[in-house]
Amino acid sequence: MERDLSLIDEPYKFLKIVLNPDGSLTRDEEFPRVPPTPELASESANSQSQKQQALSKDIPLNTTNQTFLRLFRPLNPTNKLPVIIDFHGGGFVILSSILAPFHDLLSHAAAFASALIITVEYRLAPEHRLPAAYDDAMEAIMWVRDQAREINGCDPWMKDLADYSNVYIMGGSAGGNIAYRAGLRAMDADINPIKIKGMILNQPFFGGVQRTPSEERLSRNPYLPVTVSDLLWLLSLPPGSDRDHEYSNPLDVVNPKIQHLPRCLIRGFEGDPLVDRIKGLAKMLDAHGVKVVTKIADGGFHGAEIIDQGKLQELFLQIKDFIYSS
């Protein structure tokens, strides 16, 4: 996903988006959208591509908002599975949960971690500014709760496979931000009988008006230059807000609920301009008594696991270890 360095100072072109007169965006998606795979493909079909790792299917979430869920399950589970509710990255503004890189990543993750993964197709900004994505995240959590309560029936995969006492919230980049906010919101909701056991925040996307040393040092990196981060916040925050809004910068917000958050796995790379903010979040959560597992790797860059197989394997191993460790 490395982009043209000559476009760093032209963030709209860098992101391949055009702002329309009505305030909406025209987005040029660089990856194909892929359909779900609810059944095992034939051996001949599998031999022509990567071997199928998991089954998947789409389920409507809110037809008015055109949001939906994509469920992933291992091919031959033998026990009840932990449930992971996932949110994709894209700065709240671009990308989709059903683009090929995310679909492939979650298919492999479901198989490798032996988990039932639910990824959320949430609404994007600026057409739907924050907190719209947070609202969609909570709606997804409540959908899982309703499945556990068997309200309006129950999806067969959820009924047969879901361990509702072992639920995790996960996201990468902006999805990590959404997962964090969803974890806070869930404490104010009646989510019984599901139990949220942990949050997995992979390179979570946060910001602030004051530049951090890592943002200064990596301001013109080819993966997430600060000009692009600034534009994403401009397009996604409530109108009139700056980057110190609590949605962007949670570090100075006094919130007593933070101490009651579940265990957190927080991942980052030293080569990511967000790394100082990621470390700051981990430090803040730890100071509030949250059990934090922090994994900051040397080198790397924002979104490295999308194109680096080694980083992808590290992600899978850390997710599996976090879920299956006490």
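Residues numbered from 1 in each chain as written. Predicted model: local features only at pLDDT ≥ 70, side-chain atom pairs only at ≥ 80, totals over all residues. Heavy atoms only, no water.

In the annotation of an unreviewed UniProt entry, the protein chain is listed under the name Alpha/beta hydrolase-3 and assigned to Heracleum sosnowskyi. One UniProt comment on the protein chain, placed under Sequence similarities (unreviewed entry), says "Belongs to the 'GDXG' lipolytic enzyme family." (UniProt positions renumbered as here; feature names shortened; annotations may be inferred.)

Colleague: What is the right way to read the packing of aromatic side chains from this model?
Modeller: By convention here, two paired aromatic rings are described through the distance between centres and the angle between planes. The full count for this structure, using the stated rule, is eight aromatic pairs. When the ring of Tyr134 is compared with that of Tyr247, the centres are 5.0 Å apart and the planes differ by 80°; the resulting orientation is edge-to-face. With a gap of 113 residues between them, Tyr134 in helix 4 (residues 132-149) and Tyr247 in the loop between helix 8 (226-236) and strand 9 (263-269) connect regions that are remote in the sequence. Among the aromatic side chains, those forming a connected cluster through ring pairs are Phe92, Phe205 and Trp233. The ring of Tyr134 carries the charged tip of Arg181 above its face, separated from the ring centre by 5.8 Å. It is Arg263 that lies over the ring of Phe322; its NZ or CZ is 4.1 Å from the centre. (Phe/Tyr/Trp six-rings, centres within 6.5 Å; stacked < 30°, edge-to-face > 60°. Helix = DSSP H or I, 4+ residues; strand = E, 2+ residues; numbered from the N terminus. Lys NZ or Arg CZ within 6 Å of the ring centre and 35° of its normal.)

Colleague: I tried to follow helix 3 (residues 100-113) on my own but got confused; where do I start?
Modeller: In an α-helix, one turn spans 3.6 residues, which is why side chains three or four residues apart end up on the same side. Helix length check: helix 3, at 14 residues, gives a terminal C-alpha distance of 20 Å against a target of 20 Å (1.5 Å per residue), a fit within 8%. Of all the positions in helix 3, only Ala100, Pro101, Phe102, His103, Leu105, Leu106, Ser107, Ala109, Ala110 and Ala113 are classed as buried. On its buried face, helix 3 is in contact with strand 3 (54-62), strand 4 (67-74), strand 5 (81-87), strand 6 (116-121), strand 7 (162-172) and helix 10 (309-324). Just downstream of helix 3, Ser114 is the residue with a positive phi angle, here 50°. (Expected span 1.5 Å × (residues − 1). Buried < 20%, exposed > 50% of the residue type's maximum accessible area, 1.4 Å probe, protein only. Contact = heavy atoms within 4.5 Å.)

Colleague: Sorry, what's going on with the pattern of salt bridges here?
Modeller: Pairing is possible between side chains of opposite charge, provided their charged atoms come close. In this structure the tally under the stated criterion is 19 salt bridges. The partner of Asp308 in a salt bridge is Lys311, and the shortest N-O contact between them spans 3.7 Å. Look at Asp308 and you get partly exposed, because its relative accessible area is 28%. Within the structure, one salt-bridge network assembled from shared partners comprises Glu29, Arg33 and Glu121. (Salt bridge = Lys/Arg side-chain N within 4 Å of Asp/Glu carboxyl O.)

Colleague: What is the right way to read the environment of Ser96 from this model?
Modeller: Structurally, Ser96 can be placed in the loop between strand 5 and helix 3. In this structure the side chain of Ser96 is engaged in a polar contact, spanning 2.8 Å, whose partner is the side chain of Glu121. (Polar contact = N/O pair within 3.5 Å; in protein donor to acceptor, adjacent residues only side chain to side chain.)

Colleague: Is there a simple way to think about unusual backbone geometry in this case?
Modeller: A negative phi angle is the norm for most residues apart from glycine, just as the trans form is the norm for most peptide bonds. Cis geometry marks the peptide bond from Leu130 to Pro131; its omega dihedral reads 20°. With respect to the element layout, Pro131 can be found in the loop between strand 6 and helix 4. In this structure, the amide linkage connecting Asn192 to the following residue, Pro193, adopts the cis form with an omega of 15°. With respect to the secondary-structure elements, Pro193 resides in the loop between helix 6 (174-186) and strand 8 (196-202). Although it is not a glycine, Ser114 adopts a positive phi angle of roughly 50°. Tracing the sequence through the fold places Ser114 in the loop between helix 3 and strand 6. Look at Glu150: it is not a glycine, yet its phi comes out positive at around 55°. In this fold, Glu150 is placed in the loop between helix 4 and helix 5 (156-161). The class for Glu150 is partly exposed, based on a relative accessible area of 44%.

Colleague: It is not clear to me how the environment of Leu25 should be interpreted in this structure. Could you clarify?
Modeller: Assignment of secondary structure puts Leu25 in strand 2 (residues 25-27). Classification of Leu25 by relative accessible area gives buried; the value is 8%. Considered as a pair, Leu25 and Tyr122 are 97 residues apart in the sequence and their alpha carbons are 16 Å apart. In this view, Leu25 contacts Ile17, Val18, Leu19, Asn20, Val93, Ala125, Pro126, Glu127 and Leu235; residues no more than four positions away in its chain are not counted.

Colleague: So what exactly am I meant to see when it comes to the side chain of Ser96 here?
Modeller: We classify Ser96 as buried; its relative accessible area is 0%. Among all residues touching Ser96, those that are not within four sequence positions of it are Glu29, Arg33, His88, Phe102 and Glu121.

Colleague: Even after reading the chapter, I still don't get the pairing of strand 7, so can you show me in this structure?
Modeller: Note on strand geometry: in a regular strand, side chains alternate between the two faces of the sheet. Extensive coverage of strand 7 is indicated by the burial of nine of its 11 residues. As paired strands, strand 7 and strand 8 are joined by six bridges and run parallel to one another. Bridged to Tyr168 within strand 8 is Gly198. Note on the crossover from strand 7 through helix 6 to strand 8: the handedness is right-handed. (Pairing = 2+ DSSP bridges. Right-handed = clockwise from strand over helix to strand, strands pointing away.)

Colleague: What exactly am I supposed to notice about the nonpolar core here?
Modeller: Generally speaking, nonpolar side chains in soluble globular proteins are found buried as a group. One finds Ile85, Phe87, Ile141, Trp143, Met158, Tyr180 and Leu285 to be the most contacted residues of the largest nonpolar core, which totals 76 residues. In terms of residue count, the dominant contributor to this core is helix 4 (eight residues). The contact partners of Ile85, leaving out residues within four places of it in the chain, are Ile118, Val120, Ala140, Ile141, Val144, Val167, Tyr168, Ile169 and Met170. Grouped together as the second largest cluster of nonpolar side chains are 20 residues, Leu106, Ala110, Met170 and Phe322 included. (Core = buried A, V, L, I, M, F, W, Y, C linked by side-chain atoms within 4.5 Å.)

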